[in-house]
Amino acid sequence: MLHRESGVFKTSYAADMALYPLPVARWTVAAFALLFAVILPLSLHDYYLSIINLSLIAVVGALGLNILVGYTGQISVGHAAFMSVGAYTAANLAVRFDLPFWITLPAGGLMAAFVGAIVGIPSLRIKGLYLAIATLAGQLIIEWVINHTPAISGGAQASIEVPRPALGDHQIKTQGQLYFFLLFFAALSIVATLNLVRSRIGRAFVAIRDQDIAAEIIGINIYRYKLLAFAISSFYAGVCGVLYTYYLGIANYEQFQIGVSIDYLAMIIIGGLGSVLGSILGAVFVTMLPIVIRLVMEPLAGLFLSAGELSSVVASTRLVLFGALIIFFLVVEPEGLNRLWRNIRNYFRTWPFSY
Amino acid sequence: MSTGLKWLRIAAAAGAIVAAGSAALAQEKELVFGLQCDRTGPTQTIGVFLCPGYHDYIALLNSKGGVEGFKIRVLEIDNEYKVPPAVEAHERFKKEGVVLEGLYGTPQTMALTKKLEEDKILGTAPGFGTAAATDGKRYPYVFPIAASYWSQGAGAIAFIKKELGGSLKGKKIAYLMYDNPAGKEPLPIFEDLAKSEGFEMRNFAVPAPGVEMGAQVLDITGRFKPDFVIAHLFGRSPSVAIRELKGKGFPMNRVIGFVWAASEADINAAGGYAVANGYNTIQFAGVGNDFPVIKEINAMYKAQGKPTPPQQESSSVLYNRGVFIAAIHAEAARNAIKAKGGAKPTSEDVRNGMESIKGFTLGGLVPPMEITREDHEGGGWVQVWTVKDGKLVKNGDWFQAYRDMIKKHLAAVN
């Protein structure tokens, strides 16, 4: 991830597709694993772990959306609705049938995948902005159905309280325990996506994105793969919704409204469309940046302002700064943070002996 | 010296000042209150008026020596009406050792209910969350502290009964509601009352964001022809409802709005007081500046040589609610400190303090509520204020309505 050879020396497809192109990459991954599995949880306060937890959940959702939008080129504004499908499926299973998380979590994902494939049907006929409107309709219909079906939503408040996930007799409850719970699923989805995009399916997705007619001519069943992209993407969204539900202890459809869909689109656009690292960077950027801006601003502004004025100024300025930083990064590199990172890395590829 | 080094030194100096400042603060007797706000999100029209009221009341208390000798530091975090920032805010509050926190927003309240219980920090949710949270046994750390939608619905019916001459037999009431869980919440209460009082009720759902309701209003005024309209709307939609009903010639004094359809901003957006003349609003805190505590806040500003806060002028309804929340928070802390004989209370002590609030009316701004372990709503008191001659005028005193029936419903859901 961090290191690269000084040129392109690959002579076989296998070498080109390898997840670890160099031995040193293996060590980098091991170092990251050590950092996230041991050093961070031991050294950080619960508060900082809670921020990482929120980012980990967002990473799962962003990866799913990037498979659909970034890799397959099918725009979707209904991602949050698929999260709510997963969330309510898991909540109902957990409460009514008392099922553990290792059943409810894939069940939530599968139900979301099913609903996602149905919402994806219009993609067989329409593209681009038209598809965006069709998925927007999907978002609103799913919201409406949950809101008006007590059998799904569990009553007028449309929220279902869910017990904490448990491993054997041990409840996963504190931020530290939830961190490992979420880290496991985030890591799993990262590895799954990395492998998906270098498989036949992943390449078919990319072919459809780049030119669907050409893809059809070389023998890709477009309809099947488009629906598969919707299903896989929604599976991730469903899992993300289930993780939210277990993290908060409640499924509530107001947490998955249209604004959240837009947030996730923002994540993958800022991070970089069609890249796994981009999804991660984007999710982390959008989740953490507002918090970091506030943590930096609070002590500085506190020198000049009273508590009341401070909150008003910080809240508004933070929004302006957040927007400005997004514009800044997108102007510097329209292809997102992932491309920015690759540019930096490529520069150092031959440094200090470039030419 | 290179510029980089210079900046480093300045940053280090600034850091040292901040560190010294916070160390000095920590040595004083201090309590930390957490406050979630929405100054930038979709409901920021409420946050920008409500939160300054909160800060002003706490500043007033601190200028008079704090609560029982403890200064209060408010840590406000803007949650943008989103759930992840609200979760982050709660964890931050926990890290800073808050003794209580003010929640903001229904989904946020729902999302934090479990966390609050696990962390043993109480959260107040006036006008948010669920009516079921009134039951303190079921939800030990969530405090609605103000009338829930059930109590507001019961209050509205009681008010209508009074206005229509003491009987609702054969009358027709239209319920113009926002099509979300909050809008649907009072329905069981209305259904029950329709049976016992003998009136006919019909629901007219307005989909979010509720800025288009011509069809619903036409249905109400043209076909259903009710004797009274209850409007339970949020954001921009209350003003649209007032304008539409007025446009169809429906008498404004036959309309009553729930607490989030009840601020000066709604009336102004509907076209001013002349348009809304007669419109009735349900309130859970006093309105206007004719209260001793508001006068004290203004005197404090005057003593500092500053003008009175503009939020107070433009929306006393919401500003006073901020003062109301701050006052209840401070009173809970005061009870807790007294119970501990002047020692610093924990968050659990403050919860016990909250559950012993009684007879604290702040000159009429706060209803005569009594918060107990069973009743976290404090009795479900409401007051009706009516638009009259260019301002909101009090229409009767604080009252509770159909309390036994609400208790019955609470027992059924919890």
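A. Fine view of the overall build of chain A. Within chain A, the regular secondary structure consists of 15 helices and four strands. For chain A, the residues scored as buried account for 45% of the 355 residues in total. Restricting to contacts in chain A with at least 6 residues of sequence separation, those with at least 24 account for 75%.

B. Quick peek at the overall build of chain B. Secondary structure summary: chain B contains 16 helices and twelve strands in total. Here the C-alpha atoms of chain B give a radius of gyration of 22 Å, agreeing with the 22 Å that 2.2 N^0.38 yields for 414 residues. Per-residue burial over chain B gives 55% buried out of 414 residues. Restricting the contact set of chain B to residue pairs at least 6 apart, pairs at least 24 apart contribute 70%.

C. Broad picture of the sheet that holds strand β2 (residues 71–78) of chain B. Residue and element names in this part refer to chain B. Pairing is parallel across the open sheet formed by five strands, whose spatial order is β2-β1-β3-β4-β5. A single partner strand is all that each edge strand has here, and the edge strands are β2 and β5 (142–143). Along the sheet, helix α14 (residues 316–339) makes contact with β1 (30–37), β2, β3 (100–102) and β4 (122–124), crossing β3 at roughly 170°. Contacting β3, β4 and β5, helix α15 (residues 347–354) crosses the sheet at an angle of about 45° to β4.

D. Quick peek at the packing of helix α2 (residues 44–63) of chain B against α14(B). Residues and elements named next belong to chain B. Two numbers describe how α2 lies on α14: the axes approach to 7 Å, and their chain directions differ by 45°. Considering their axes alone, α2 and α14 lie oblique with respect to each other. The two elements α2 and α14 meet at a crossing, and its hand is right-handed. For the pair formed by α2 and α14, the contact residues are Ile46, Phe49, Leu50, Cys51, Pro52, Gly53, Tyr54, Asp56, Tyr57, Ile58 and Leu61 on the first element and Leu318, Tyr319, Asn320, Arg321, Gly322, Val323, Ile325, Ala326, Ala327 and Ala330 on the second. Class assignment of the residues belonging to the contact of α2 with α14 gives a composition of 16 nonpolar, three polar and two charged.

E. Summary view of the interface of chain B and chain A. Counting residues at the interface gives 35 residues for chain B and 30 residues for chain A. Residue assignment for the side of chain B that touches chain A shows that the elements contributing at least two residues are α1 (3–27), α2, β2, α3 (83–95), α4 (106–119) and α6 (181–184) of chain B. Considering each element in turn, the side of chain B that touches chain A owes the most residues, eight residues, to α3(B). Its residues assigned to classes, the side of chain B that touches chain A shows 15 nonpolar, six polar and 14 charged.

F. Geometry of the nonpolar core. Among the nonpolar cores identified, the biggest contains 224 residues, and Ile57(A), Val60(A), Leu182(A), Leu243(A) and Leu176(B) are the most heavily contacted of them. Residue contributions to this core peak at 16 residues, all from helix α3 (residues 46–71) of chain A. Excluding residues within four positions of it along the chain, Leu176(B) makes contact with Phe204(B), Val206(B), Gln216(B), Ile220(B), Val229(B), Ile230(B), Ala231(B) and Ala241(B).

G. Here's a closer look at the domain arrangement of chain B. Residues and elements named next belong to chain B. On domain assignment, one finds that chain B holds domain 1 (29–146 + 288–364) and domain 2 (149–283 + 382–413). Of the residues lining the interface, 14 residues belong to domain 1; the matching set on domain 2 comes to 15 residues. In terms of residues, the side of domain 1 that touches domain 2 owes the most to one element, α14, which gives three residues. Counted by class, the side of domain 1 that touches domain 2 contains four nonpolar, nine polar and one charged residues.

H. Highlighting the environment of Phe159(B). All names here are of chain B. Within the secondary structure, Phe159 sits in helix α5 (residues 149–163). What makes Phe159 buried here is the crowd of 22 C-beta atoms within 10 Å. Each C-alpha atom of the pair Phe159 and Gly396 lies 9.6 Å from the other, and the pair is 237 residues apart in sequence. Not counting residues within four places of it along the chain, the set of residues in contact with Phe159 comprises Ile256, Asn280 and Val384.

I. Geometry of the confidence of the model for chain B. Residue and element names in this part refer to chain B. Across chain B, pLDDT averages 89, with 93% of residues at or above 70. Contacts for the low-pLDDT stretch residues 16–21, under 50 throughout, to residues beyond four places or in other chains number two contacts. Low confidence marks residues 23–27, where pLDDT is under 50. Its contacts with residues over four positions away, or in another chain, come to one contact. At the level of chain-chain contacts, confidence expressed as ipTM amounts to 0.88, with global pTM at 0.89.

J. Spatial organisation of helix α11 (residues 222–248) of chain A. Residue and element names in this part refer to chain A. Along its 27 residues, α11 runs 39 Å from first to last C-alpha, staying within 8% of the 39 Å computed at 1.5 Å per residue. Burial runs high along α11: 21 of the 27 residues are buried. Trailing α11 by a residue or two, Gly249 shows a phi angle of about 80°, which is positive.

K. Expanded view of the environment of Val197(A). Residue and element names in this part refer to chain A. Assignment of secondary structure puts Val197 in helix α8 (residues 175–197). Sequence spacing of Val197 and Tyr71 is 126 residues, and the spatial spacing of their C-alpha atoms is 8.0 Å. With residues near it in sequence (within four places) discarded, Val197 still touches Tyr71, Gly202 and Val276.

L. How the structure looks around helix α6 (residues 128–148) of chain A. Taking 1.5 Å per residue, 21 residues should reach 30 Å; α6(A) reaches 30 Å between its end C-alpha atoms and fits that length. In this fold, the buried residues of α6(A) make contact with α4 (79–96), α5 (101–119), α7 (150–153) and α12 (258–271) of chain A.

M. Main features of the sheet that holds strand β8 (residues 228–232) of chain B. All names here are of chain B. Spatial ordering of the open sheet is given by β7-β6-β8-β9-β10-β11-β12, a layout of seven strands whose pairing is mixed. Taken across any chain shown, the strands that pair with only one partner, and hence form the sheet edges, are β7 (200–206) and β12 (391–394). The sheet shows a mean angle of 25° between the axes of neighbouring strands, taken without regard to direction. Against the sheet, α5 makes contact with β6 (172–178), β8, β9 (255–257), β10 (280–283) and β11 (383–388), and its axis sits at roughly 140° relative to β10, the strand it touches most. The strands that helix α9 (residues 237–247) touches are β6, β7, β8 and β9; relative to β8, the one it contacts most, it runs at about 160°.

Cut-offs applied
Residues numbered from 1 in each chain as written. Chains lettered and ligands numbered in written order. Predicted model: local features only at pLDDT ≥ 70, side-chain atom pairs only at ≥ 80, totals over all residues. Helix = DSSP H or I, 4+ residues; strand = E, 2+ residues; numbered from the N terminus. Buried ≥ 20, exposed ≤ 12 C-beta atoms within 10 Å, placed from the backbone. Contact = placed C-beta atoms within 7 Å. Rg over C-alpha atoms; globule rule 2.2 N^0.38 Å. Pairing = 2+ DSSP bridges. Axes fitted to C-alpha atoms, helices over the stretch in contact; angles between N-to-C directions. Parallel < 35°, antiparallel > 145°, perpendicular 65-115°, else oblique. Left-handed = near helix turned anticlockwise from the far one by under 90°. Nonpolar A, V, L, I, M, F, W, Y, C, P; charged D, E, K, R; others polar. Core = buried A, V, L, I, M, F, W, Y, C linked by C-beta atoms within 7 Å. Domains from an automatic or database assignment. pLDDT = per-residue confidence, 0-100. Expected span 1.5 Å × (residues − 1).

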